[in-house]
Amino acid sequence: MLAIAIIIFLILLFIGAPIWFVLGMSGGFLAVFGMNLPTANVPSHFFIAADSWILLAIPFFLLAGNLMTFMGTAHRMLSFIVHVVGHFRGGLAIAAVIACAIFGALSGSAVATVVAVGTMVIPHMLEAGYSKENSLGIISASGTLGAMIPPSIIMILYASIVQVNVSDLFLAGIAPGIMLTILLVITAIIVSYREKAVGKSRSSSKEISSSFVQAIPALLMPAVVLGGIYQGIFTPTEAAAIAVFYVLLISFIFERKNFTKNNLIKSIKGAVVTTAAIYIILGGVSLFSQSLTFSQVPQQITEYVATVNVPAWLVMLVIVLFLLLLGTFLEPGPILFITVPILLPTILNLGIDPIHFGIIMVICLMIAQITPPVGMTLFVLSSNFKTNVGVVIRGSLPYMYALIIGSIIILYFPWLSTFLVD
């Protein structure tokens, strides 16, 4: 039965069926014919999977990010960053990386980040002499930083699967997130110097201070959300709801022109559609992972690794390479949902901290988003800026190499992701 279920899985995946259908059909077949589960019980997995308090944070964080995009508060933040560093050689590239890091963390979506920040920054970069390749490449890679910098949707999903404290996972992502941002900034400066791009004229002290004052409400949001979580004032799920209220409040006060019914509807619609897609995938994952567990697949992998007596560092390296390979033909969500339930018993048996493994998983999923041929941010930028996707791929390569270097650092220096938690 397991072999037939795997064949069903591979065929459906190959023909491009939706991932929730792939997981649900293969897992459902194994559940009904392998576990003898009544067919009437199969749909219940889709409801049980979404019945989690922590998963309520996802729609709220997505809504908060959409509101910042459509209501205009994100533009104030970017304007301040450009005023501060835009005059340096490679300054607009630096501003693009930092803006993507902040906005990505707030929106929880790499696609929303590359569209929002790219639309604001790329025209100015082209005017300043940056090549189209480099401009698009910077945004495509930097747009993934929101997965590592809390609050992160991917971390919430990982925590719900592994049953670890999402607050600890958020804390573990801070240092790696800063490190990856610095790596991308250094890469951007090197590439920009090679292109001899010029910075914009230096902003006056008055312009910088004025843009800072205007950006304060948006810049305070991470402090409000994370500060409230770690001070014990509210849970991550409550923090997500607070984030929505906070963005609505500052938008109503400071962005009256953009505080419209149409923008509110677009924000809610985007959050609902994305949340529905995530929840239905989780249902398929629940069915698939329980069926595999019943078939002893994770346990057999764990036993095999234990019998061959392979060192933990080598096992982790193989896992990372495997995840990067999956990133060439799967999107981050399916990779997370499919691999974590299978690999987790082996990880725990090797004595690896699940928090540390979560951070490794996140960096691998970040790289997957800019890996051809299915890297989502590559195609979003290509479509949005009417450019051949090959141009975006070539531009993103130096930054993908930087992220791979970052993944190696995170892999073999686990204290980087655990010292704040400890």
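Scroll up for the structure.
**Observations regarding the overall build of the protein chain**
A tally of regular secondary structure across the protein chain gives 20 helices and zero strands. In summary, the protein chain has a C-alpha radius of gyration of 22 Å against a globular reference of 22 Å for 422 residues, a match within 12%. With the C-alpha coordinates aligned to their principal axes, the bounding extent of the protein chain is approximately 70 × 45 × 45 Å. Counting over 422 residues, the protein chain shows a buried share of 55%. Relative to all contacts within the protein chain whose residues are 6 or more apart in sequence, the contacts with residues 24 or more apart total 79%. Summed over all atoms, the accessible surface of the protein chain reaches about 17900 Å², with 71% contributed by carbon and sulfur.

**A look at the packing of aromatic side chains**
The tally for this structure, following the rule as stated, stands at five aromatic pairs. Ring centres of Phe 252 and Phe 259 lie 5.5 Å apart, and the angle between their planes is 75°; on these two criteria the pair is classed as edge-to-face. Given the relative accessible area of 39%, Phe 252 is considered partly exposed. The exposure class of Phe 259 is partly exposed, given its relative accessible area of 29%. Positioned over the ring face of Phe 252 is Arg 256, at 4.0 Å from the centre of the ring.

**Focus: the side chain of Ser 152**
On the secondary structure map, Ser 152 appears in the loop between helix H8 (132–142) and helix H9 (153–162). A distance of 2.6 Å separates the side chain of Ser 152 from the backbone oxygen of Ala 147, its partner in a polar contact. Among the polar contacts listed, one links the side chain of Ser 152 to the backbone nitrogen of Ile 154, at a separation of 3.4 Å. With sequence-adjacent residues up to four places away left out, Ser 152 is seen in contact with Gly 146, Ala 147 and Phe 170.

**Brief notes about helix H5 (residues 73–85)**
Most of H5 is tucked away, with ten of its 13 residues classed as buried. Looking only at H5, the buried set comprises Thr 73, Ala 74, Arg 76, Met 77, Leu 78, Phe 80, Ile 81, Val 82, His 83 and Val 85.

**Concerning the pattern of salt bridges**
Counted under the stated rule, the structure contains two salt bridges. Glu 255 is the partner of Arg 76 in a salt bridge, and the nearest nitrogen-oxygen pair spans 2.5 Å. In this pair, Arg 76 sits in helix H5 while Glu 255 sits in the loop between helix H12 (236–254) and helix H13 (261–294), placing the two residues 179 residues apart along the sequence. Judged by its relative accessible area of 11%, Glu 255 falls in the buried class. Where Glu 133 meets Arg 394, a salt bridge forms, and the shortest distance between an N and an O atom there is 2.9 Å. Residue Glu 133 is located in helix H8, and its partner Arg 394 is located in helix H19 (residues 389–412); the two are separated by 261 residues in the primary sequence. Glu 133 gets classed as partly exposed once you look at its relative accessible area, which sits at 31%. Given the relative accessible area of 45%, Arg 394 is considered partly exposed.

**Considerations on a nonpolar patch on the surface**
Among the surface-exposed residues, Trp 313, Leu 314, Val 318, Ile 408, Tyr 412, Phe 413, Trp 415, Phe 419 and Leu 420 lie close enough to one another that they form a single nonpolar patch of about 890 Å² accessible area. Only helix H15 (312–326) and H19 provide two or more residues apiece to the nonpolar patch. When residues of the nonpolar patch are assigned to their parent elements, the largest contribution, three residues, is made by H15. Mapped onto the secondary structure, Ile 408 falls in helix H19. On the accessibility criterion, Ile 408 (45% relative accessible area) is partly exposed.

**Description of unusual backbone geometry**
In this model, Pro 150 is joined to Pro 151 through a cis peptide bond whose omega is 0°. On the secondary structure map, Pro 151 appears in the loop between H8 and H9. Its identity is not glycine, yet Lys 386 carries a phi of approximately 50°, on the positive side. Relative to the helices and strands, Lys 386 resides in the loop between helix H18 (376–384) and H19. For Lys 386, a relative accessible area of 72% puts it in the exposed group.

**Some details on the layout of surface pockets**
If you add up the space inside the largest pocket, you get close to 1000 Å³. Residue lining of the largest pocket: 38 residues in total, with Val 111, Thr 274, Glu 331, Pro 332 and Gly 333 positioned closest to the centre. Mapped by element, the contributors of at least two residues to the lining of the largest pocket are helix H4 (57–71), helix H6 (91–107), helix H7 (110–127), H9, H13 and helix H16 (332–349). Broken down by element, the lining of the largest pocket gets its largest block of residues, seven residues, from H13. Class assignment for the residues of the lining of the largest pocket results in 24 nonpolar, 13 polar and one charged. Looking at the second largest pocket, its volume works out to about 480 Å³. Across the lining of the second largest pocket, the residue classes break down as 20 nonpolar, three polar and no charged.

Criteria and thresholds
- Residues numbered from 1 in each chain as written.
- Predicted model: local features only at pLDDT ≥ 70, side-chain atom pairs only at ≥ 80, totals over all residues.
- Heavy atoms only, no water.
- Helix = DSSP H or I, 4+ residues; strand = E, 2+ residues; numbered from the N terminus.
- Rg over C-alpha atoms; globule rule 2.2 N^0.38 Å.
- Buried < 20%, exposed > 50% of the residue type's maximum accessible area, 1.4 Å probe, protein only.
- Contact = heavy atoms within 4.5 Å.
- Areas by Shrake-Rupley, 256 points an atom, 1.4 Å probe, with all protein chains shown as cover.
- Phe/Tyr/Trp six-rings, centres within 6.5 Å; stacked < 30°, edge-to-face > 60°.
- Lys NZ or Arg CZ within 6 Å of the ring centre and 35° of its normal.
- Polar contact = N/O pair within 3.5 Å; in protein donor to acceptor, adjacent residues only side chain to side chain.
- Salt bridge = Lys/Arg side-chain N within 4 Å of Asp/Glu carboxyl O.
- Patch = residues over 30% accessible without salt bridge, like charges linked within 9 Å, V, L, I, M, F, W, Y side chains within 5 Å.
- 1 Å grid on protein atoms, 1.4 Å probe; cavity = no way out; pocket = protein on both sides within 12 Å on 5 of 7 lines; lining within 4 Å.
- Points joined across faces, edges and corners; volume = space filled by probe spheres on them.
- Nonpolar A, V, L, I, M, F, W, Y, C, P; charged D, E, K, R; others polar.

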